[in-house]
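# Structural characterization, general
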Amino acid sequence: MLKLKSWLFAVLVLAITAAPVVAENNDAKKSNDNAANTASAEGSPAASPNPSPSPSINPSVSLAATDANVTALLGVLVMKGVLAPAEANAIQNAAPSAQFQVLVEALSRKGVLNAADLSAATKPATPPAVAAAAVPAPENETMSSSLTTAEGSPQSQTQPQPPYPSRVAGEVAPPPTAVVTAVTPIRVFPVDAPKPGGLAGIKAGPITLAPYGFIKATIVHDSSDPDGDDFPFPGIWLNAGNNSTFNTGPTEDPEVHVKARSTRFGMNFEWPDVSPKLTITGKIEGDFEGNFTEVDNADVTSIRNNQPRLRLAFVRLDYHASENTDLFFVGGQDWTLFGSGALMNIVETTFNGAFWGNIWERSPQLRVGFIQTLEKERHVNLEGQFGVMMPSTGQILKLGNAAGNGLAAQLGQGEREGADADRPEYEGRVALSYQIDRARGVAPAQIAFAGFHSRRTSIVPNSSYLCDGGENILACSLESAFPNGFQASSTQWGGQFVAQLPTRWFTLTATAYKGGDLRFFLGGQINGYVTDTGGLTATSGPYVTADGGPLAAAGGAELGCTVTLVAGACPSGDAAVAAQRPVRAFGGFVQLGLPLSRWFNADPKGHNAGWQLHLLVGKDQVVDRDLNNPGFSGSLPMLMGKSAIATLYYKVNNWATFGFEQSIYATRAEDHSLLYTIAGVPSNEWQDHRTEFGPIFTF
């Protein structure tokens, strides 16, 4: 790799140094001739050293005169796989004065050039007696190389680790290196701040556009799928209607699905700015995981009429305050700071481990943060972020339908109860990235802590009261204390720890969380909040709320008396709103990624370079005290969800990957109760043994 870097840099220096001669004496020479000559010069990196002195760099060279040479060099880099054609086109389409800078930045991001190379490019080189011969560094010493000088004495040179892009969920993985890359953890927040001109793509006037996405088609077999979904859902069966007995009938209810709606599409943006310290980027992303259409002309065929939906839509501003300090602002819909710091790397991405240990969300938000580089050699970055999010409590539309509330229940639980609290949701995250394994093709490790705090509120208007003119003595006495109606509220909170530890041999990803009312973050076995009637001698309700409740999956708004009733009524001044408390839960997952191809030294450009095996266990559990407290009402009867997943990936090339996944999803009922009847057998646990296989074509 060092030898490749040396002669690529030598060609780059030669092309720029020769620009005045080319511009003055050889304007008519075709760019493909230049490419041929350059390729010929690069084709013999092991040839005898040239005894003549190397030409020094002239910093005053007019870059506009180097177009032909840059074009020739780009052709060579594309031919050798260093640059993708799209990247080369983006560089060539840049302004003449910016082509060289964009090219250097692209080569730096890929690790072809390092800090020492860039420094040498801006100062005259010392003419050596003979050309320096690069000595390849061992794999575990990518940041320190030994060079032999003209005098023959060894010279130690420390090289900082090049910026390593994150593998953002749904986007193209980092380009291949000279070795098979290690398993890169999925990260939705970048390790490094974006730099001006760092996005390679299509030029639309001054804006750079970079489309991306994937097409995924899989066949799925579920050993038990009572809901009929094409993704695993926790063991609360929603499609049984009023006759729901948690009974699968004569079989376990196995199903086969063929699906393509996981297909995803997106576009990255970069806008220019007059300030070299300001970078403006953005993203729009969607998929076809929305609902199925119910229009008349597609009623019968609705199963294949998947509706698109918005996943992400945000703009990010980065201000590079100094070489080591970046300040940024994000506005739009992005991943939440809490819950999304670590994601499962699995084939099933429709629910993506929700309610089985993988908490995550995307939400409208405004957030600010910083990235501080503490040490370049080991790529040590400290990141801090704080944001205000849309306050949401989650919802279950089908349970709302079962309760006769339909869309009102969906909007009430998903939007109104959070918004009616009259305050945003607060989230924060701090992360430390560092290079624990300095081998080539290994991403930086990261540990992070995140948390959130929010509130939800139900509103009960007096038109929902139960006082019927005096016959309901208890209700009338309680409601008289709140003549204009009342509100019932509860808090939402959570904390999470994340560790992503990539090495050349394996990548370990682990996360643990605990919180209250985690339904929106896909935790807590769908539970939200409960109504606490402890300490109340009598209650009235639940009352119908203005925001769609009550629901079967949450506590209801109730009034109660705190003292002994007198003649069936609550004494004046002793009425109270029954407290609502979040259902607490905890869980997480551990995933081990094994780069099989790297273990066996596969050719990084061959067809066996993309074998990876991922092993995962996950768990999401409700705090038993909240589930079984006799004074609480509104919880669901599910204690725990647990998962075990094995995923094998075979990457044909950078665009085509096949995935095979075998998984077990299980839901356990509370108190060892025999909640389920599976193929006629009472059981405390429902299980789905799931097999999924198919190709993923990335662009």
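As shown above, the structure is provided for reference.
A few points on the structure.

Attention shifts here to the overall build of the protein chain. When you go through the protein chain residue by residue, the secondary structure sums to twelve helices and 30 strands. Within the protein chain, the fraction of its 699 residues that count as buried is 49%. The contacts of the protein chain with a sequence gap of at least 6 include a subset with a gap of at least 24, amounting to 71%. Just so you have it, the protein chain exposes about 30200 Å², and 60% of that area is on carbon and sulfur atoms.

This part covers the environment of E375. Inspection of the secondary structure assignment puts E375 in strand β12 (residues 362–375). A relative accessible area of 35% places E375 in the partly exposed class. For the pair formed by E375 and N324, sequence separation is 51 residues and the distance between their alpha carbons is 8.9 Å.

Attention now moves to the environment of L317. With respect to the helices, strands and loops of the structure, L317 is situated in strand β10 (residues 309–320). With 37 residues separating them along the chain, L317 and I280 place their C-alpha atoms 4.7 Å apart. When neighbours within four sequence positions are excluded, L317 is seen to be in contact with T279, I280, L327, F328 and F329.

Taken as a whole and assessed by the stated rule, the structure comprises two disulfides. Covalent S-S linkage joins C467 and C476, the inter-sulfur distance amounting to 1.9 Å. Its torsion about the S-S bond being 95°, the disulfide of C467 and C476 is classed as right-handed. Here C476 falls in the buried class, since its relative accessible area comes to 17%. Counting its disulfide-bonded cysteines in sequence order, the protein chain shows a connectivity of 1-2, 3-4.

Okay, the side chain of T325 next. Take T325: it is sitting in strand β11 (residues 325–335). If sequence neighbours within four positions are ignored, T325 has contacts with Y319, H320, I371 and Q372.

Okay, the sheet that holds strand β22 (residues 579–582) next. Paired through their backbone hydrogen bonds, the strands of a sheet run either parallel or antiparallel. Taken in spatial order, the three strands make up an open sheet running β22-β18-β25, and their pairing is antiparallel. The outermost strands of the open sheet, each flanked by one partner alone, are β22 and β25 (632–633). One ladder, built from two bridges, connects strand β18 (residues 529–532) with β25; its direction is antiparallel. Bridge pairing in β25 links D532 to F632.

By rolling a water-sized probe across the atoms, one finds the places where empty space is left. This structure, assessed with the given rule, holds two cavities of 30 Å³ or more. Empty space within the largest cavity amounts to approximately 90 Å³. Taken together, 13 residues form the lining of the largest cavity, with P185, N345, T509, Q591 and H614 sitting closest to its centre. There is about 50 Å³ of room inside the second largest cavity. Residue lining of the second largest cavity: S224, D225, P226, D227, F231, P232, F233, P234, W237, W686 and D688, and that is the complete set. Tallied by class, residues from the lining of the second largest cavity come to seven nonpolar, one polar and three charged.

Looking now at a nonpolar patch on the surface. On the surface, I219, V256, V258, W611, L648, F658, F660 and F693 cluster together into a nonpolar patch covering about 710 Å² of accessible area. Mapped onto the secondary structure, V258 falls in strand β7 (residues 255–259). The class of V258 is exposed, set by a relative accessible area of 70%.

This paragraph deals with the packing of aromatic side chains. Taken as a whole and assessed by the stated rule, the structure comprises 23 aromatic pairs. Both rings, one in F482 and one in F486, keep their centres 6.1 Å apart while their planes meet at 55°; by these two values the pair is tilted. When its relative accessible area of 5% is taken as the criterion, F486 is described as buried. Linked through ring pairs, F231, F233, F351 and F355 together constitute an aromatic cluster.

Our next topic: the sheet that holds strand β20 (residues 557–561). Strand order in the open sheet formed by three strands is β19-β20-β21, with antiparallel pairing between adjacent strands. Every interior strand has two partners, whereas the edge strands, β19 (538–543) and β21 (575–577), have only one. Sheet twist, expressed as the average angle between the axes of neighbouring strands with direction ignored, equals 20°. One ladder, built from four bridges, connects β19 with β20; its direction is antiparallel. Counterpart to S540 in the pairing with β20 is L559.

In terms of nonpolar packing, the biggest core is built from 42 residues, with F233, I236, W335, I526 and Y676 touching the most fellow members. With three residues, the single largest contributor to this core is β11.

Take the side chain of E558 next. Positionally, E558 belongs in strand β20. Of the side chains with opposite charge, R456 lies nearest to the buried E558, which makes no salt bridge, at 12 Å. Dropping the residues within four chain positions of it, E558 is found in contact with F486, T531, T533, T539, S540, G541, P542, Y543, A576, V577, A578 and S633.

Our next topic: helix α5 (residues 85–92). Every buried residue of α5 is accounted for by E87, A88, A90 and I91. All buried residues of α5 fall inside an arc of 160° around its axis, so they share one side.

Here we come to the pairing of strand β27 (residues 656–669). Across 13 bridges, strand β26 (residues 638–651) lies against β27 in antiparallel orientation. By the bridge assignment for β27, K651 is matched with T657. The hairpin turn running from β26 into β27, its antiparallel successor, is four residues long. The pairing of β27 with strand β30 (residues 685–698) spans 13 bridges and is antiparallel. Paired with F660 across the bridge in β30 is F693.

Rules behind the numbers
- Residues numbered from 1 in each chain as written.
- Predicted model: local features only at pLDDT ≥ 70, side-chain atom pairs only at ≥ 80, totals over all residues.
- Heavy atoms only, no water.
- Helix = DSSP H or I, 4+ residues; strand = E, 2+ residues; numbered from the N terminus.
- Buried < 20%, exposed > 50% of the residue type's maximum accessible area, 1.4 Å probe, protein only.
- Contact = heavy atoms within 4.5 Å.
- Areas by Shrake-Rupley, 256 points an atom, 1.4 Å probe, with all protein chains shown as cover.
- Disulfide = S-S within 2.5 Å.
- Pairing = 2+ DSSP bridges.
- 1 Å grid on protein atoms, 1.4 Å probe; cavity = no way out; pocket = protein on both sides within 12 Å on 5 of 7 lines; lining within 4 Å.
- Points joined across faces, edges and corners; volume = space filled by probe spheres on them.
- Nonpolar A, V, L, I, M, F, W, Y, C, P; charged D, E, K, R; others polar.
- Patch = residues over 30% accessible without salt bridge, like charges linked within 9 Å, V, L, I, M, F, W, Y side chains within 5 Å.
- Salt bridge = Lys/Arg side-chain N within 4 Å of Asp/Glu carboxyl O.
- Phe/Tyr/Trp six-rings, centres within 6.5 Å; stacked < 30°, edge-to-face > 60°.
- Axes fitted to C-alpha atoms, helices over the stretch in contact; angles between N-to-C directions.
- Core = buried A, V, L, I, M, F, W, Y, C linked by side-chain atoms within 4.5 Å.
- Lys, Arg positive; Asp, Glu negative; His and termini not counted.
- Arc of directions from axis to C-beta.

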